[in-house]
Amino acid sequence: MGVELDSIFESAVNNTLFKNKGVLQTKYMPESVHHREEQIKQIAGILSSLLRSERPSNLFLYGKTGTGKTLSVQYVKTELEKKAEELGVDIRIEYLNCKMRKIADTEYRILAALIHQLGGSVPATGLPTDKVYSKFIELIDAKKQVVVLIFDEIDQAIAKMSDGFLYNLTRLNSELSKAQISLIGISNDVTFLENIDPRVRSSLGEEEIVFPPYNALQLQDILNQRSKMAFKENAVNEGVISKCAAFAAREHGDARRALDLLRIAGELSEREGKKSVELEYIDQANRKIEKDKILDVVEKGPKQFHLVLYSISKLSRVSKEKKELKIFTGDVYNLYQEFCRKTKTEILTQRRVSDIIAEIDMLGLINAQVISKGRHGRTKEITLSIPPNLIEKVDAILVESLGL
DNA sequence: CGAGATTCATGTGAAGTATACCTTTAGGCTTAA
DNA sequence: AAGCCTAAAGGTATACTTCACATGAATCTCGTA
């Protein structure tokens with residue numbers, strides 16, 4: 001064992017292929033953004049009125065994950081901030097990612113996070129929401145300014161609460177006397193605006209910009225740029241870049257995915273003590289990404305979720321042996337109760353479990369569809385959508401968390 | 001045989017409850033003058 | 001008298017429960033051919 005570790009440490013220190021791995025990480029902000037010039041120009045054009053201390057239109061950005069939405073906005077944000085400083089104009093742009101569970105998935109928590117960013121503080125609970133609103137307003141309205149609020153992945157947040165929140169936000173301007181706000185919404189879901197209150201829709205969608213997926217060529221270009229900075233010379237084999245690009249292009253042109261692929265393939269190659277990133281590691285990296293994503297989601301779910309998921313997993317194993325028996329809510333609930341007793345956990349009502357199933361569905365770990373079995377009532381028909389090779393690992397996590 | 005009525009097993013919405021936490025308020029105690 | 005601390009009172013968000021009603025196709029009923 002000792003020897004094995006030694007060699008790992010050794011290669012970590014000496015044989016590193018990377019010059020600057022950070023360049024490939026998602027949080028990295030490049031100085032220039034390629035292939036999004038058009039969108040950036042539009043965003044900048046709309047937001048430029050900030051420099052005259054005028055309120056820009058509300059803005060809505062669409063596009064699949066990894067199409068550069070966040071990046072473009074952030075880019076414009078920093079550029080604008082620079083320029084504003086130069087000109088001595090006071091502007092305020094706040095970015096908030098709504099997807100972070102436990103940080104911002106309710107109206108209250110989003111506001112709290114926002115207030116926190118603005119330098120105020122609110123307790124985690126206990127305050128009436130309208131009080132939080134007035135605190136927020138107070139904070140913004142303290143001086144004459146235009147505040148831009150960027151809500152990333154806003155569709156995720158609204159799925160969990162009502163669209164009343166957005167309505168409140170759009171109406172907020174009338175509550176402000178000195179300051180003004182404008183909103184930027186970012187959504188992965190193209191149909192998002194169609195399903196919300198028309199009043200909000202028209203207000204929020206004053207301007208809309210669509211981010212099309214990158215094509216393979218563009219991805220390749222981006223990867224080339226980054227890999228030059230990230231890797232040492234000659235550390236990337238022929239064809240690696242184009243394969244990453246091709247992989248990601250197949251996944252709706254997701255640049256983030258492409259970069260992750262390249263980075264992880266690099267890490268894997270390095271770990272194996274290779275002198276360069278080799279083609280074969282890309283497939284491995286691809287699998288690893290899928291795996292990590294799922295395991296991560298499973299891991300951070302609360303205990304009751306684990307119980308439900310474990311029940312589903314167990315049932316799906318049984319049903320597979322018996323060839324394609326479907327899983328229904330009732331079965332899940334029965335098994336779930338059994339596990340609760342076994343682990344001495346409080347048994348939740350079927351009502352709640354039904355909701356939990358819906359939530360797990362949202363997380364993409366299972367597939368649940370309401371069907372009617374006619375005389376035999378109505379149910380959710382549930383299928384586990386975790387790849388077979390991962391089920392074991394997932395089960396392991398669940399077993400550990402439940403102490404079975 | 002076919003159109004309607006029934007039925008089942010949950011889905012689903014609304015309202016209520018428990019818990020954990022927050023602010024406000026009113027005493028009560030300390031302190032400095 | 002002013003300042004500070006504490007405990008009680010009053011209030012909220014969140015996760016969950018309770019209650020009650022909604023669903024929708026397989027199955028049953030029954031009139032009709």
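How each quantity is defined
Residues numbered from 1 in each chain as written. Chains lettered and ligands numbered in written order. Predicted model: local features only at pLDDT ≥ 70, side-chain atom pairs only at ≥ 80, totals over all residues. Heavy atoms only, no water. Core = buried A, V, L, I, M, F, W, Y, C linked by side-chain atoms within 4.5 Å. Buried < 20%, exposed > 50% of the residue type's maximum accessible area, 1.4 Å probe, protein only. Helix = DSSP H or I, 4+ residues; strand = E, 2+ residues; numbered from the N terminus. Contact = heavy atoms within 4.5 Å. Polar contact = N/O pair within 3.5 Å; in protein donor to acceptor, adjacent residues only side chain to side chain. Pairing = 2+ DSSP bridges. Axes fitted to C-alpha atoms, helices over the stretch in contact; angles between N-to-C directions. Parallel < 35°, antiparallel > 145°, perpendicular 65-115°, else oblique. Left-handed = near helix turned anticlockwise from the far one by under 90°. Near = heavy atom within 4 Å. Nonpolar A, V, L, I, M, F, W, Y, C, P; charged D, E, K, R; others polar. Phe/Tyr/Trp six-rings, centres within 6.5 Å; stacked < 30°, edge-to-face > 60°. Domains from an automatic or database assignment.

1. A few points about the nonpolar core
Part 1: In this structure, Phe136, Ile140, Leu149, Phe151, Leu166, Ile181 and Phe192 are the most contacted members of the largest nonpolar core, which totals 37 residues.
Part 2: Taken together, the elements giving at least two residues each to this core come down to β1 (59-63), α4 (107-117), α5 (129-140), β3 (146-152), α6 (154-160), α7 (164-171), β4 (180-187) and α8 (198-204).
Part 3: Here this core gets seven residues from one element, more than from any other, and that element is α4.
Part 4: In contact with Leu166, other than residues within four places in its own chain, are Ile154, Ile158, Phe192, Ile196, Val200 and Leu204.
Part 5: Counting 33 residues, the second largest nonpolar core, distinct from the first, contains Phe305, Leu315, Ile366 and Ile382.

2. Structural notes on the environment of Arg92
Part 1: Among the secondary structure elements, Arg92 is positioned in strand β2 (residues 91-97).
Part 2: Residues Arg92 and Ser401, 309 residues apart in the sequence, show an inter-C-alpha distance of 43 Å.
Part 3: When neighbours within four sequence positions are excluded, Arg92 is seen to be in contact with Gln117, Leu118, Gln145, Val146, Val147 and Val148.
Part 4: Side chain to side chain, Arg92 and Glu94 meet in a polar contact 3.1 Å long.

3. Topic: the sheet that holds strand β6 (residues 327-328)
Part 1: Across the sheet, three strands lie side by side as β6-β8-β7; this open sheet has antiparallel pairing. Each edge of the open sheet is held by one strand with a lone partner, namely β6 and β7 (366-372).
Part 2: Relative to strand β8 (residues 378-384), β7 runs antiparallel, the two sharing seven bridges. Note that in β8 the partner of Ile366 across the bridge is Leu384.

4. Describing the packing of helix α9 (residues 216-230) against helix α10 (residues 240-250)
The description of two packed helices rests on the angle between their axes and on the distance between the axes.
Part 1: At a minimum axis separation of 8 Å, α9 and α10 run at an interaxial angle of 135°. One way to sum up the angle between α9 and α10 is to call them oblique. In the packing of α9 onto α10, the handedness of the crossing is right-handed. Here Ala216, Leu219, Gln220, Leu223, Asn224 and Ser227 of α9 lie close against α10, whose contacting residues are Ile241, Ser242, Cys244, Ala245, Ala248 and Ala249.

5. A short note on the sheet that holds β1
Part 1: Ordered by their spatial adjacency, five strands build an open sheet running β2-β3-β4-β1-β5, and the pairing between neighbours is parallel. Edge positions in the sheet fall to β2 and β5 (207-211), since each has one partner strand and no second. Each adjacent strand pair in this sheet contributes to an overall mean axis angle of 15°, direction not counted.
Part 2: One ladder, built from seven bridges, connects β2 with β3; its direction is parallel.

6. A short note on the protein's contact with DNA strand C
Part 1: With respect to spatial proximity, 20 residues lie near DNA strand C, and among them Thr106, Thr129, Thr349, Arg352 and Arg378 are the closest.
Part 2: Each atom of DNA strand C within 4 Å of the protein was assigned to sugar, phosphate or base; sugar and phosphate come to 80%.
Part 3: A distance of 2.4 Å separates a phosphate oxygen of DNA strand C from a polar side-chain atom of Thr349.
Part 4: Contributions of two or more residues to the surface near DNA strand C are made by α4 and α15 (350-363).
Part 5: Residues that form the surface near DNA strand C fall into these classes: five nonpolar, eight polar and seven charged.

7. Details of the environment of Leu183
Part 1: Position of Leu183 among the secondary structure elements: in strand β4.
Part 2: You can call Leu183 buried: its relative accessible area is 2%.
Part 3: Along the backbone, Leu183 and Leu307 are 124 residues apart, and their C-alpha atoms lie at a distance of 40 Å.
Part 4: Once you skip the residues sitting within four places of it in the chain, Leu183 turns out to touch Asn58, Leu59, Leu149, Phe151, Leu169, Thr170 and Leu204.

8. Thoughts on the protein's contact with DNA strand B
Part 1: Around DNA strand B sit 17 residues, and of these Thr125, Thr329, Arg351, Arg375 and Arg378 come closest.
Part 2: Per the 4 Å cut-off to the protein, sugar and phosphate atoms form 70% of the nearby atoms of DNA strand B.
Part 3: The separation between a sugar or linking oxygen of DNA strand B and a polar main-chain atom of His376 is 3.3 Å.
Part 4: The contact in question runs from a base oxygen of DNA strand B to an N or O atom on the backbone of Gly377, over 3.0 Å.
Part 5: Those elements that provide at least two residues to the surface near DNA strand B are α14 (329-343), α15 and β8.
Part 6: Grouping the amino acids of the surface near DNA strand B by side-chain chemistry returns three nonpolar, ten polar and four charged.

9. Structural notes on the packing of aromatic side chains
The geometry of two aromatic rings is summed up by the distance between their centres and the angle between their planes.
Part 1: For the structure shown, the criterion picks out three aromatic pairs.
Part 2: Between Tyr310 and Phe339, the ring centres sit 5.0 Å apart and the planes meet at 50°, which makes this aromatic pair tilted. Of this pair, Tyr310 sits in helix α13 (residues 303-321) while Phe339 sits in helix α14; the two residues are 29 residues apart in sequence, bridging distant segments of the chain.
Part 3: By relative accessible area, Tyr310 is classed as buried at 7%.

10. Points about the environment of Gly120
Part 1: You can see Gly120 is positioned in the loop between α4 and α5.
Part 2: Residues in contact with Gly120, not counting those within four places in the same chain, are Ile115 and Leu139.

11. Overview of the domain arrangement of chain A
Accessible area lost upon the coming together of the parts serves often as the stated size of an interface.
Part 1: Considered domain by domain, chain A is made up of domain 1 (37-210), domain 2 (214-292) and domain 3 (301-402).
Part 2: Taking only C-alpha atoms into account, the centre of domain 2 sits 36 Å from that of domain 3.

12. Describing the pairing of β1
Walk down a regular strand and you will see the side chains alternate between the two sheet faces.
Part 1: The buried fraction of β1 amounts to five of the five residues, a majority that puts the element mostly inside the structure.
Part 2: Burial of β1 is two-sided: the residues Leu59, Leu61 and Gly63 facing one way and the residues Phe60 and Tyr62 facing the other way are all buried.
Part 3: As defined by bridge partners, β1 adjoins β4 across four bridges and the pair is classed as parallel. In the sheet register, Leu59 faces β4, and the bridge partner there is Ile184.
Part 4: Pairing analysis gives five bridges linking β1 to β5, with the strands arranged parallel. Counted as the bridge partner of Tyr62 is Val210 from β5.

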